[in-house]
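Summary of the model geometry
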Amino acid sequence: MKYIGPFFRINTLTSDEIKYQLFHLSKESIKHIELQSRCGILISNKVLRKYLSTNDINIMKDFSPVICIYKKAHPLILKSGKHPFCWDSETFKKESLPDSDALLTFCLIELSKYYDFFENVDDELFSLSRIYKALSRIQLEFYAKSMRNTEGLFIEKKNSGDNYVDSISLTDKSKTISFSYQAYMMCAYYDYYTASSDADKEMYKNFALEILNMLIDYRSSIYNESTDECCAICYALNIFYGLSKDEKSKMLLLDLCDELTDRLENKSSLLSSLSSSCFTVINLYKSYENTGIYKFKDKALNLSENLLSLYDRDTNIINLQVDKKDVKYTAIDLVLFMLTTLYYFKYDESNEDDFEHKKKLIPNMYKNLIINSGILTSFPEAPDLNSAERYKNFSYNANDLIEESKYKLSSIESPLSANMASIFVKNVSYSTKKCEFSHRKSSFDSSKNIFLFSMFIYLFENDFTSYICGNVKPLPKQKVSMNRKTSKEYPLDNKIKENSQPSPKLAASLSPSVETIDKNSPHNKYEKNNAHQQPATVKLVVNEKSADINPQTLDKNKPSKKSSKK
């Protein structure tokens, strides 16, 4: 019999269990989107053979990894045909956004670190670490070669050709330049450097640092961007500083935090954009954790209290103080509001005697804003009982069995039973008359979904690995070999065969170099912070072809309206 856990699940949920569930949701959803959905430009077997061992190629033969993800699609799972568990290609909006692509790669790199814990435990799960790292490198090389304009800046692209990478026809979708696109790519390239053991990994670090230098050179222009855009850049800098501890990125991070807090001076500012307000607060909490500067925590707590005052504890909704019969909330609104509250209760020390109230509020908020609202189409099943993921320290000991509530709620359908991939819908409406949520359609928006999945992985991966194994990789003698049962959900693990051979070294094809920009360049439309210093051009050579990132061509007469969270 399958373990079904305790009876009163939603009433006994803790903040930690909610974090674990959201990490599991992201881990499995990213796996499905990357390997099975086919919602993007597909990596051909010819390309895969250059980067994967023969055994890993055999693992991947039944899957269709994407090299970049499309902007929109319908997440209906097709269970028949040549590629079961893929999505309907007729619904694809074949545009690619740099923020979605960069954060998808960031997710794969971070999850490769998670699966690395299984090296001495489970060859099948550990193989995902190698595969994800190889796919990340393929993606990063593709971004450098195909996702930039003639000046070398990452921009939106449209594919009017076939879905396979060998048959694509990419054109520039928009000439608008977004600083957040560059910042997210900076994180992806640097994170690959931290995870890779390749001999040429330094080039990824150097390329990321060149992007950082460009952002620093134009900090005054960044301050003129929208709050959404500043939040996205601040989030990227939090990720980057956490990875690199680079002092220059820290200074820019501190300045952006000050800029964002100055924009939220009163309650009306919080209401003007709920998602931006919550995103700002989360950035402040992370900045405190990254730097130890107490003023960020204090400011975040004050703003959190103002935001929490918007929550109606009788109806369990966020009161946006609008006089409408139907109030619309985006998935970003609801999720970031709950995450802000999670952080508030983590750091608030003013009402220790109100512990029971806090313990109940978070599960109620999770149940009503995330589960019952309908913003989630489905929720991945928990790992099977014969999976190492279901046991503390991967022991396979019945006493170490991890309850299903650490992975999901039984009240929400699985992907196969719902016939829908586990994604967040764009928005939902709340009827003040009926006191219930509703939504019109279930569509996949890559920018919003990959942003949320990346945030869950970024915020909660360490919490989950600390819980499951104390962040300690087991010794070889603890390795256990078992015959796996067939999984009914996203049957990726059924296809992964035992593979203990290391991946071959990936061929070096990226090499950065720095050039000096002509001071008299006609493209110089930005006012530099220091007029006596000219910015460096970032050059990334891909298969003997190169493109320059020339910051002086950023056109501020066309300010960016794009960010990862709209």
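Everything discussed here concerns the structure shown above.
First, a word on what this report is: a plain description of the structure on this page. Just so you know, these numbers come straight off a predicted model, no measurement behind them. (Residues numbered from 1 in each chain as written. Predicted model: local features only at pLDDT ≥ 70, side-chain atom pairs only at ≥ 80, totals over all residues. Heavy atoms only, no water.)

In helix packing, the relevant descriptors are the interaxial angle and the interaxial distance, both defined with respect to the helix axes. Put simply, helix H13 (residues 274-291) and helix H18 (residues 446-469) touch, their axes get as near as 13 Å, and they point 30 degrees apart. In terms of axis orientation, H13 runs roughly parallel to H18. As H13 runs across H18, the sense of the crossing is left-handed. Contact with H13, carried on its side by Phe 279, Ile 282, Lys 286 and Asn 290, involves Phe 451, Met 455, Tyr 458 and Leu 459 of H18 and no other residues of that element. Of the residues in the contact of H13 with H18, the class split is 6 nonpolar, 1 polar and 1 charged. (Axes fitted to C-alpha atoms, helices over the stretch in contact; angles between N-to-C directions. Helix = DSSP H or I, 4+ residues; strand = E, 2+ residues; numbered from the N terminus. Parallel < 35°, antiparallel > 145°, perpendicular 65-115°, else oblique. Left-handed = near helix turned anticlockwise from the far one by under 90°. Contact = heavy atoms within 4.5 Å. Nonpolar A, V, L, I, M, F, W, Y, C, P; charged D, E, K, R; others polar.)

Moving on: the pairing of strand S10 (residues 427-431). Where strand S9 (residues 326-330) and S10 come together, 5 bridges link them in antiparallel fashion. Considered in S10, the bridge of Thr 330 is made with Asn 427. Between S10 and strand S11 (residues 436-438), which follow one another and run antiparallel, lie 4 residues, and Cys 435 among them has a positive phi close to 55 degrees. (Pairing = 2+ DSSP bridges.)

With that out of the way, let us pick up helix H11 (residues 247-262). Over its 16 residues, H11 runs 23 Å from end to end, which matches the ideal 22 Å to within 8%, given 1.5 Å per residue. Residues of H11 that are buried: Ser 249, Lys 250, Leu 252, Leu 253, Leu 254, Leu 256, Cys 257, Leu 260 and Thr 261. On the buried face of H11, the contacting elements are helix H8 (202-217), helix H9 (219-222), helix H10 (227-244), H13 and helix H14 (294-308). (Expected span 1.5 Å × (residues − 1). Buried < 20%, exposed > 50% of the residue type's maximum accessible area, 1.4 Å probe, protein only.)

In space, the 3 strands of this open sheet follow the order S9-S10-S11, with antiparallel pairing throughout. At either end of the open sheet lies a strand with only one pairing partner, and these are S9 and S11. Looking at each pair of strands side by side, their axes are set apart by 30 degrees on average, direction ignored.

Relative to the helices and strands, Asn 290 is located in helix H13. A relative accessible area of 15% means that Asn 290 is categorised as buried. Residues in contact with Asn 290, not counting those within four places in the same chain, are Asn 238, Tyr 241, Gly 242, Lys 245 and Tyr 458.

Scanning all chains against the criterion turns up 38 aromatic pairs. Relative to Tyr 115, the ring of Tyr 114 has its centre 5.0 Å away and its plane inclined at 70 degrees; by these criteria the two rings are edge-to-face. For Tyr 114, a relative accessible area of 1% translates into the label buried. When its relative accessible area of 0% is taken as the criterion, Tyr 115 is described as buried. By way of ring pairs, the aromatic residues Tyr 20, Phe 23, Tyr 114, Tyr 115, Phe 118, Tyr 132, Phe 394, Tyr 407, Phe 464 and Tyr 467 are connected into one cluster. A cation sits over an aromatic face here: Lys 286 above Tyr 458, 4.9 Å from the ring centre. (Phe/Tyr/Trp six-rings, centres within 6.5 Å; stacked < 30°, edge-to-face > 60°. Lys NZ or Arg CZ within 6 Å of the ring centre and 35° of its normal.)

Moving on, we get to the sheet that holds strand S6 (residues 170-172). The antiparallel open sheet is built from 3 strands, whose spatial order is S4-S5-S6. Two strands lie at the open edges of the sheet, namely strand S4 (95-96) and S6, each paired on one side alone. By the bridge criterion, 2 bridges tie S4 to strand S5 (residues 157-159) in an arrangement that is antiparallel. By the bridge assignment, Ser 96 is partnered in S5 with Lys 157.

Turning our attention to a positive patch on the surface. Taken together, the side chains of Lys 72, Lys 93, Lys 158, Lys 173, Lys 324, Lys 328, Lys 426, Arg 440 and Lys 441 present a region of like positive charge at the surface. Exposure remark for Lys 173: the relative accessible area of 37% places this residue in the partly exposed category. (Patch = residues over 30% accessible without salt bridge, like charges linked within 9 Å, V, L, I, M, F, W, Y side chains within 5 Å. Areas by Shrake-Rupley, 256 points an atom, 1.4 Å probe, with all protein chains shown as cover. Salt bridge = Lys/Arg side-chain N within 4 Å of Asp/Glu carboxyl O. Lys, Arg positive; Asp, Glu negative; His and termini not counted. Charge placed at Lys NZ, Arg CZ, Asp CG, Glu CD.)

Looking now at unusual backbone geometry. Notably, Tyr 396 is not glycine yet its phi reads approximately 60 degrees, a positive angle. Mapped onto the elements of the fold, Tyr 396 is located in the loop between helix H16 (355-371) and helix H17 (415-418). For Cys 435, which is not glycine, the phi dihedral falls at a positive 55 degrees. If you trace the backbone, Cys 435 turns up in the loop between S10 and S11.

Before going further, it helps to spend a moment on the pattern of salt bridges. On inspection of all chains with the given rule, the structure shows 22 salt bridges. Notably, a salt bridge pairs Asp 16 with Lys 19, separated by 3.9 Å at the nearest N-O pair. With Asp 16 and Lys 19 both in helix H2 (residues 15-35) and 3 residues apart, the pair spans about one turn of that helix. Residue Lys 19 is classed as buried on the basis of its relative accessible area, which comes to 12%. Measuring nitrogen to oxygen at the nearest pair gives 3.9 Å for the salt bridge that ties Lys 71 to Glu 95.

Bringing the environment of Leu 52 into the picture now. Inspection of the secondary structure assignment puts Leu 52 in the loop between helix H3 (45-51) and helix H4 (54-60). Of the residues examined, Leu 52 reaches a relative accessible area of 5% and is grouped as buried. Residues Leu 52 and Arg 130 lie 78 residues apart in sequence; the distance between their C-alpha atoms is 8.4 Å.

As a further point, take empty space enclosed by the protein. Inspection of the entire model under this criterion finds 1 cavity of 30 Å³ or more. Considered as a void within the structure, the largest cavity measures approximately 40 Å³ in volume. Surrounding the largest cavity, Ser 304, Leu 307, Leu 308, Phe 337, Thr 340, Thr 341 and Tyr 344 form its lining. Among the elements of the structure, H14 and helix H15 (331-347) are those that each provide at least two residues to the lining of the largest cavity. Looking at which element gives the most residues to the lining of the largest cavity, the answer is H15, with 4 residues. (1 Å grid on protein atoms, 1.4 Å probe; cavity = no way out; pocket = protein on both sides within 12 Å on 5 of 7 lines; lining within 4 Å. Points joined across faces, edges and corners; volume = space filled by probe spheres on them.)

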